[in-house]
Number of protein chains: 2
Amino acid sequence: MSEKRLHILEVAEQLFYEKGFEGTSVRDIANTASVNLAMISYYFGSKEKLLTALVEWRAGYIQGVLNELVTDETLDPFEKIDRLVNLYTDKIFNHSRFHCIMTTHLPTIQSEKIKQLMTDIKLRNLDNIRRIITEGQKKGFFRKVDIELTVASIMGTITHITSSKPLYYKIYGIERNNAEAYNKKIAPKLKTHLKQLLRTHLDIKSDTGML
Amino acid sequence: MSEKRLHILEVAEQLFYEKGFEGTSVRDIANTASVNLAMISYYFGSKEKLLTALVEWRAGYIQGVLNELVTDETLDPFEKIDRLVNLYTDKIFNHSRFHCIMTTHLPTIQSEKIKQLMTDIKLRNLDNIRRIITEGQKKGFFRKVDIELTVASIMGTITHITSSKPLYYKIYGIERNNAEAYNKKIAPKLKTHLKQLLRTHLDIKSDTGML
DNA sequence: GTTTAATTTAAACAATTGTTTAACTTTGCG
DNA sequence: CGCAAAGTTAAACAATTGTTTAAATTAAAC
């Protein structure tokens, strides 16, 4: 991938994050990236295909690491859950702009291709987590839970935290737009919370027979 | 509020939900609502003020019911949590369009006024739930948990479910855009999952000393 | 060095955007 | 009725949108 093409993708990511897909003009991207307007059509074909390229570029990232974790036979199920929490929290916090585009901007785009692309990515992620949980159940560590909704709680919690930044800036008294201070303060808390939430949720010893 | 004004708000809600704020033109709203283009400026002043009016109209809704629940002295803390889950799930499923606008479209809007409005609404909600949890802690039912993150898990899970409809359509084999079948199938599952998740999370008896 | 392909440019394209204007009709009140 | 306020309309406004064109420049290959 040419360096210029990559630079356009990075600039587009920043702008889509700040102003949304519809709210960002192609001229805006071209000016910020210091390239001629026509270069974007030249490289990507259209604004929408630029977005698709961005998603494909970033989304492949987590798949490899997640796959390794799933197939690792040296870790017990609870450890895998803990690492899963670390993996997702770090990934989402480190690429928070892209994650924000995925969760809040992409769903607003009408294109069927984009919707299909997103669904595929989510399905692959869900499947990997499902394998970790069912493995834990087979080994007798985890009890019977609704796996899809458990995944929804993991992803939903992290997403809620990253997409409600202005709220948590206020709550935790962090100065505005200081993303680094935010991550440093929230990420460890979030990891602890999720690990503890999932431990009591999954542990067969805390089964109350409600389900 | 005049009937026509209300009708414009309902139409705008539908369109903002489908295509986002930037993706919806004022002409689009006017045509769909069968009113003249200029009527929207006449009634609301601008497109952005129309959005503000929509948020203020819908957001006040849950506050009253939530307040009642918090101050109800006949319910024990676990019952309050269960009712809270029912309340939010029903509210979000019944007004899923508005909720989707709140969570996925509003954050993309640059306006400081809109951002402030959203933060205020969320703070009020957070505060009510905080009161329920601290009450349960004082009475010795709940253990020490991170309240902000617990709220994030509740809201995040529900939001994740409502905003990933296409994914769950596929998983549960529901025909596309059959929102009613979706709600009927998912809402009870979601309530059970959240109640069970929160019970083991909050119950002082399942304290593992991790926090 | 010549030629072919890839890259880059400014300009123009038609379409759509949010908002305003000024003229018109309807409504409500004395 | 008479008249002022509220409601409604079509038309025009300037600005911006995504994309295309055709000419100019650079790079690569022979």
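Please read all numbers here as calculations on a predicted model, not as lab measurements.

Each value, and the rule that gives it
- Residues numbered from 1 in each chain as written.
- Chains lettered and ligands numbered in written order.
- Predicted model: local features only at pLDDT ≥ 70, side-chain atom pairs only at ≥ 80, totals over all residues.
- Heavy atoms only, no water.
- Axes fitted to C-alpha atoms, helices over the stretch in contact; angles between N-to-C directions.
- Helix = DSSP H or I, 4+ residues; strand = E, 2+ residues; numbered from the N terminus.
- Parallel < 35°, antiparallel > 145°, perpendicular 65-115°, else oblique.
- Contact = heavy atoms within 4.5 Å.
- Nonpolar A, V, L, I, M, F, W, Y, C, P; charged D, E, K, R; others polar.
- Near = heavy atom within 4 Å.
- Polar contact = N/O pair within 3.5 Å; in protein donor to acceptor, adjacent residues only side chain to side chain.
- Salt bridge = Lys/Arg side-chain N within 4 Å of Asp/Glu carboxyl O.
- Buried < 20%, exposed > 50% of the residue type's maximum accessible area, 1.4 Å probe, protein only.
- Phe/Tyr/Trp six-rings, centres within 6.5 Å; stacked < 30°, edge-to-face > 60°.
- Lys NZ or Arg CZ within 6 Å of the ring centre and 35° of its normal.
- Buried area = accessible area lost by both parts, 1.4 Å probe.
- 1 Å grid on protein atoms, 1.4 Å probe; cavity = no way out; pocket = protein on both sides within 12 Å on 5 of 7 lines; lining within 4 Å.
- Points joined across faces, edges and corners; volume = space filled by probe spheres on them.

All names here are of chain B. Taken N-terminus to C-terminus, the directions of helix H1 (residues 3-19) and helix H3 (residues 37-44) make an angle of 105°; their axes are 11 Å apart at the nearest point. Viewed along their axes, H1 and H3 adopt a mutual orientation that is roughly perpendicular. Between H1, through Lys4, Arg5, Ile8 and Leu9, and H3, the contact on the second element is made entirely by Ile40, Tyr43 and Phe44. Of the residues that constitute the contact of H1 with H3, the class distribution is 5 nonpolar, no polar and 2 charged.

Glancing now at the protein's contact with DNA strand D. Around DNA strand D, the structure places 16 residues, and the nearest of them are Val26, Arg27 and Lys47 of chain A together with Lys4 and Tyr42 of chain B. A share of 47% of the atoms of DNA strand D within 4 Å of the protein falls on sugar and phosphate groups. Within the backbone of Thr24 of chain A, one N or O atom sits 3.4 Å away from a phosphate oxygen of DNA strand D. A distance of 3.3 Å separates a phosphate oxygen of DNA strand D from a polar side-chain atom of Asn36 of chain B. Elements with a minimum of two residues in the surface near DNA strand D: helix H2 (26-33) and helix H3 (38-44) of chain A together with H3 of chain B. The residue inventory of the surface near DNA strand D, partitioned by class, reads 7 nonpolar, 5 polar and 4 charged.

A pair of packed helices is captured by two measures, namely the crossing angle of their axes and the spacing between those axes. Residue and element names in this part refer to chain B. Look at helix H10 (residues 165-172) against helix H11 (residues 179-202): their axes get within 11 Å of each other, and the N-to-C directions meet at 80°. Taken together, H10 and H11 sit at an angle that is classed as roughly perpendicular. Only Ala179, Tyr182, Lys185, Ile186 and Lys189 of H11 make contact with H10, whose side of the interface consists of Lys165, Tyr168, Tyr169 and Tyr172. A breakdown of the residues in the contact of H10 with H11 according to their chemical character gives 6 nonpolar, no polar and 3 charged.

Lining the immediate surroundings of DNA strand C are 16 residues, of which Lys4 and Tyr42 of chain A together with Val26, Arg27 and Lys47 of chain B lie closest. Within the side chain of Lys47 of chain B, an N or O atom sits 2.8 Å from a phosphate oxygen of DNA strand C. Broken down by secondary-structure element, the contributors of at least two residues to the surface near DNA strand C are H3 of chain A together with helix H2 (26-32) and H3 of chain B. Ranked by residues supplied to the surface near DNA strand C, first place goes to H3 of chain A with 4 residues. When the residues that make up the surface near DNA strand C are grouped by side-chain class, the tally is 7 nonpolar, 5 polar and 4 charged.

Our next topic: the pattern of salt bridges. All names here are of chain A. Per the counting criterion, the structure on display carries 16 salt bridges over all chains. Of the charged contacts in the structure, one is a salt bridge between Asp28 and Lys19, with a shortest N-O distance of 2.5 Å. Taking relative accessible area as the criterion, Lys19 reaches 24% and is therefore assigned partly exposed. Three or more residues are tied together by salt bridges with common partners; here these are Lys80, Glu135 and Lys139.

Bringing the packing of aromatic side chains into the picture now. Evaluated as defined, the whole model comprises 14 aromatic pairs over all chains. Their ring planes at 65° and their centres at 5.3 Å tell us that Tyr169 of chain B and Tyr182 of chain B sit as a pair that is edge-to-face. Taken together, the residues span a long stretch of sequence, with Tyr169 of chain B in helix H10 and Tyr182 of chain B in helix H11 at a distance of 13 residues. Grouping residues by exposure puts Tyr169 of chain B and Tyr182 of chain B together as buried. Sitting above the plane of the Phe21 of chain A ring, Lys47 of chain A keeps its charged end 4.5 Å from the centroid. Positioned over the ring face of Trp57 of chain B is Arg58 of chain B, at 4.2 Å from the centre of the ring.

Further remarks concern the interface of chain A and chain B. Where interface size is quoted, it is often the accessible area lost as the parts come together. Between chain A and chain B, the contact holds 50 residues from the first and 50 residues from the second. Of the roughly 4600 Å² buried at the junction of chain A and chain B (both faces included), carbon and sulfur atoms supply 65%. For the pair chain A and chain B, the interface holds 0 salt bridges. For the pair chain A and chain B, the interface holds 8 residue pairs in polar contact (both at pLDDT 80 or more). Contributions of two or more residues to the side of chain A that touches chain B are made by helix H1 (3-19), helix H6 (96-105), helix H7 (112-138), helix H8 (147-163), helix H9 (165-172) and helix H10 (179-202) of chain A. In terms of residue count, the dominant contributor to the side of chain A that touches chain B is H8 of chain A (11 residues). The residue makeup of the side of chain A that touches chain B, split by class, is 15 nonpolar, 21 polar and 14 charged.

Its boundaries defined by the atoms lining it, the largest pocket holds a volume of some 1000 Å³. Surrounding the largest pocket, 38 residues form its lining, Lys115 of chain A together with Tyr17, Lys165, Pro166 and Asn177 of chain B being those nearest its centre. Looking at the lining of the largest pocket, the elements with two or more residues in it are H7 of chain A together with H1, helix H6 (77-94), helix H7 (96-105), helix H9 (147-163), H10 and H11 of chain B. Looking at the lining of the largest pocket, the element that brings in the most residues is H7 of chain B, giving 8 residues. Looking at side-chain class alone, the lining of the largest pocket contains 11 nonpolar, 17 polar and 10 charged residues. Roughly 880 Å³ of volume is contained in the second largest pocket. Around the second largest pocket sit 27 residues that line it, and Lys165, Pro166, Tyr169 and Asn177 of chain A together with Lys115 of chain B are the ones nearest its centre. Taken together, the elements giving at least two residues each to the lining of the second largest pocket come down to H1, H6, H8 and H9 of chain A together with helix H8 (112-138) of chain B. Among the elements that make up the lining of the second largest pocket, the one with the highest residue count is H8 of chain B (6 residues). Its residues assigned to classes, the lining of the second largest pocket shows 9 nonpolar, 11 polar and 7 charged.

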